[in-house]
Amino acid sequence: MAILAQTPPMGFNTWNTFGENISEQMLMEITDVIVEQGYRDAGYKYVVIDDCWLLRERDEDGNLVPDPAKFPHGMKYVADYIHSKGLKFGMYSCAGVRTCAGYPSSFDHEFQDARLFASWGVDFLKYDFCNFPKYANCKHRYLTMAQALRASGRDILFSACNWGVEEPWNWMRSIGAHMYRSTWDIFDNFPSTVGIMNNQFNNFNANAAGCFNDMDMLTVGMNGQGNVANSENCNTYTEYELQFAYWCFCGAPLMMGADLRKVGDEYRTLMQNKELIRLNQDAECRPPYRVREDNGYHVFIRHLADGEFALGIFNLCDNTRTAECIFAEMGIPVGSGVKVALTDVMTGEEIAPKRDDHYPQVPAHSFKIYRAKCVMA
Ligand code: GAL
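Since this is a predicted model, take the numbers as computed values, not measurements.

Novice: Let's hear about the overall build of the chain: which residues, and what values?
Specialist: Along the chain, the regular secondary structure elements total 11 helices and 18 strands. In terms of C-alpha radius of gyration, the chain reaches 21 Å, essentially the compact-globule figure of 21 Å for 377 residues. Seen through its C-alpha atoms, the chain measures out along the principal axes to roughly 75 × 40 × 35 Å. Taken across its 377 residues, the chain has 59% of its residues classed as buried. A total accessible area of about 14,900 Å² is found for the chain, and carbon and sulfur atoms account for 48% of it. Positive and negative side-chain charges of the chain, numbering 34 and 47 respectively, have mean locations separated by a distance of 5 Å.

Below, the structure written as structure tokens:
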């Protein structure tokens, strides 16, 4: 078996934009865009179908059946196409008796469904938590699917999605998941992004190679269009930039949710930002550590594999803040005489080595991220 998810998984998922309006053709077009517009080369590799891909009932052998109106050539055909483009294919099922949208799901069919997915060439399974029987045990059922996937004969990344029930950061890694949702669903507006950020600050401690805390799919570039969006209150460009930067900084999986056929150049450039993705994919996979919170702005550091550290300031307030970044709070006491050299990852601006502190102005709903290193006096 290959070792999966050595760094946070990256890809695309249909739910945020398409909801139940999914089809073979749309998926193949998105696949083409991922290749032709540089997303694959930037690191995105999983093309994932979410809920609503199947018929309302299993067949006489008890197998799940793709909806022929949406997927006329079946799932292997889609998988083959995605694989032919050098990408990986993701599917969706649910630990309950029905998916959230009411389709059959994998409760008590785990091994059968995992074998079927493997026979289609599936590389990734998102596994939801709707309609879960009251008498059943959540941890045990995610464990059962993990075993089923591992016994399926294919390397299938296990993307658990139980919305944070029973503190998954304490057990999803050990039952065998590669990533786990620990929040409710994201919507394409700033309060939703902030709500997720605010309840996630402490949930990254279990992040390490092999299993990652998932803050849900990105809404970057949706611009109020699609299943989880509303054109009246969508994010601004600055807010999308903050979302992408925060997901990257934390080492969260990066699953794009916008219609990639339509996103504007500025969003494509943002989601392919090399420095942010480099942070996200850092080989040491360390979680961020918060050193300061001051009425809505947050200062984090994150140690990196090359011995540098990232300094991230995220301003969730509605006004510009002067962020107090005090090096002593980051473990670099004044008395050490050590200076810190900073490079702004978005602009490339280098700030000459400083002692004691750095007080950047951070506009409303925006951020600053620096690569930082200690310079011995
Ligand atoms: C939710 C899940 C969403 C999406 C949806 C599909 O439970 O959190 O990400 O998968 O179900 O019905």
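Novice: If you had to explain the state of the cysteines to someone new, which residues and values would you point to?
Specialist: Throughout the structure, instances matching the rule amount to one disulfide. In this model, C100 is linked to C130 through a disulfide, with the two sulfur atoms separated by 2.1 Å. An S-S torsion of about 95° defines the bridge between C100 and C130 as right-handed. Here C100, found in the loop between strand 3 (88-94) and helix 5 (110-120), pairs with C130, found in the loop between strand 4 (124-128) and helix 6 (138-150); they are 30 residues apart in sequence, far enough to count as distant.

Novice: Hey, could you go over the side chain of R321 for me, with residue numbers and the actual values?
Specialist: In this fold, R321 is placed in strand 12 (residues 321-322). Those residues within four positions of R321 in sequence are excluded, and the remaining contacts are D294, N295, G296, Y297, N315, P360, Q361 and V362.

Novice: Residue-level account of the site of the ligand, with values.
Specialist: What surrounds the ligand is the set W15, D50, D51, Y92, C100, K126, D128, C161, W163, R181, D185 and M217. A distance of 2.8 Å separates an oxygen atom of the ligand from a polar atom in the side chain of D51. Within the side chain of W163, an N or O atom sits 3.1 Å from an oxygen atom of the ligand.

Novice: Please give an account of helix 2 (residues 24-36) that cites residues and values.
Specialist: Compared with the 18 Å implied by 1.5 Å per residue over 13 residues, the 18 Å span of helix 2 between its first and last C-alpha is a close match. Structurally, helix 2 contributes buried residues whose contacts are with strand 1 (10-13), helix 1 (15-18), helix 3 (39-42), strand 2 (46-48), helix 4 (74-84) and strand 3. Among the residues trailing helix 2, G38 stands out with phi positive, at a value near 90°.

Novice: Outline the packing of helix 5 against helix 6, supporting the account with residue identities and numerical values.
Specialist: To describe two helices that pack against each other, one gives the angle between their axes and the distance between the axes. Interhelical geometry of helix 5 versus helix 6 gives an angle of 40° and a closest axis separation of 8 Å. Overall, the two elements helix 5 and helix 6 adopt an arrangement that is oblique. For the pair helix 5 and helix 6, the crossing hand works out as right-handed. Judged by residue contacts, E110, F111 and A114 of helix 5 engage R141, T144, M145, Q147, A148 and L149 from helix 6. Looking at the contact of helix 5 with helix 6, its residues break down into five nonpolar, two polar and two charged.

Novice: Give me the lowdown on unusual backbone geometry, citing residues and values where you can.
Specialist: Most peptide bonds are trans, and most residues other than glycine sit at a negative phi. In this structure, N131 is a non-glycine residue whose phi angle is positive, near 50°. Examined against the element boundaries, N131 turns out to sit in the loop between strand 4 and helix 6.

Novice: Can you explain the sheet that holds strand 15 (residues 350-354)? Please cite residues and give values.
Specialist: Overall, antiparallel pairing links the six strands, which are arranged 9-10-11-18-14-15 in an open sheet. Each edge of the sheet is formed by a strand with only one pairing partner; in this case those strands are strand 9 (289-294) and strand 15. Each strand axis lies, on average, 20° off the axis of its neighbour in the sheet, ignoring direction. Pairing analysis gives seven bridges linking strand 11 (residues 309-315) to strand 18 (residues 366-375), with the strands arranged antiparallel. Paired with F309 across the strands is A372, a residue of strand 18.

Novice: Could you give an account of helix 4, with specific residues and numbers?
Specialist: Looking only at helix 4, the buried set comprises G74, M75, V78, A79 and I82. In this structure, the buried side of helix 4 is in contact with helix 2, strand 2, strand 3 and helix 5.

Novice: Break down the pairing of strand 5 (residues 157-161) for me, citing the residues and quoting the values.
Specialist: Two faces, one strand: in a regular strand the side chains alternate between the faces of the sheet. Of all five residues that make up strand 5, five are buried, and the element is covered over most of its length. Judged by which residues are buried, strand 5 turns out to be covered on both faces: L157, S159 and C161 on one side and F158 and A160 on the other are all buried. Where strand 4 lies against strand 5, four bridges are found, and the strand directions are parallel. Among the inter-strand pairings, F124 is bridged to a residue of strand 5, identified as L157. The handedness of the strand 4 to strand 5 crossover, carried by helix 6, is right-handed. In this sheet, strand 6 (residues 179-181) lies alongside strand 5 in parallel orientation, the contact comprising three bridges.

Novice: Could you give an account of the sheet that holds strand 5, naming the residues involved and the relevant values?
Specialist: With parallel pairing, eight strands are arranged side by side in an open sheet as 7-6-5-4-3-2-1-8. Looking at the sheet topology across the chains shown, the edges are occupied by strand 7 (212-214) and strand 8 (254-256). Recorded for the sheet is a direction-independent mean angle of 25° between the axes of neighbouring strands. Packing against the sheet, helix 5 makes contact with strand 3 and strand 4, and its axis sits at approximately 160° to strand 3.

Novice: I'd like a rundown of the packing of aromatic side chains, residues and numbers included.
Specialist: Inspection of every chain in the model, using the stated rule, returns 26 aromatic pairs. Judged by centre distance (6.2 Å) and plane angle (80°), the ring pair of F107 and Y135 falls under edge-to-face. Pair noted here: F107 is in the loop between strand 3 and helix 5 and Y135 is in the loop between strand 4 and helix 6, with a separation of 28 residues, a long-range link. The rings of F107, Y127, F129, F132, Y135, Y142, F158, W163, W171 and W184 are connected pair by pair, giving a single aromatic cluster. Sitting over the face of the ring of Y103, R56 holds its NZ or CZ atom 3.8 Å from the ring centroid.

What counts as what
Residues numbered from 1 in each chain as written. Predicted model: local features only at pLDDT ≥ 70, side-chain atom pairs only at ≥ 80, totals over all residues. Heavy atoms only, no water. Helix = DSSP H or I, 4+ residues; strand = E, 2+ residues; numbered from the N terminus. Rg over C-alpha atoms; globule rule 2.2 N^0.38 Å. Buried < 20%, exposed > 50% of the residue type's maximum accessible area, 1.4 Å probe, protein only. Areas by Shrake-Rupley, 256 points an atom, 1.4 Å probe, with all protein chains shown as cover. Lys, Arg positive; Asp, Glu negative; His and termini not counted. Charge placed at Lys NZ, Arg CZ, Asp CG, Glu CD. Disulfide = S-S within 2.5 Å. Contact = heavy atoms within 4.5 Å. Near = heavy atom within 4 Å. Polar contact = N/O pair within 3.5 Å; in protein donor to acceptor, adjacent residues only side chain to side chain. Expected span 1.5 Å × (residues − 1). Axes fitted to C-alpha atoms, helices over the stretch in contact; angles between N-to-C directions. Parallel < 35°, antiparallel > 145°, perpendicular 65-115°, else oblique. Left-handed = near helix turned anticlockwise from the far one by under 90°. Nonpolar A, V, L, I, M, F, W, Y, C, P; charged D, E, K, R; others polar. Pairing = 2+ DSSP bridges. Right-handed = clockwise from strand over helix to strand, strands pointing away. Phe/Tyr/Trp six-rings, centres within 6.5 Å; stacked < 30°, edge-to-face > 60°. Lys NZ or Arg CZ within 6 Å of the ring centre and 35° of its normal.

Nothing here speaks to function; it is all geometry.
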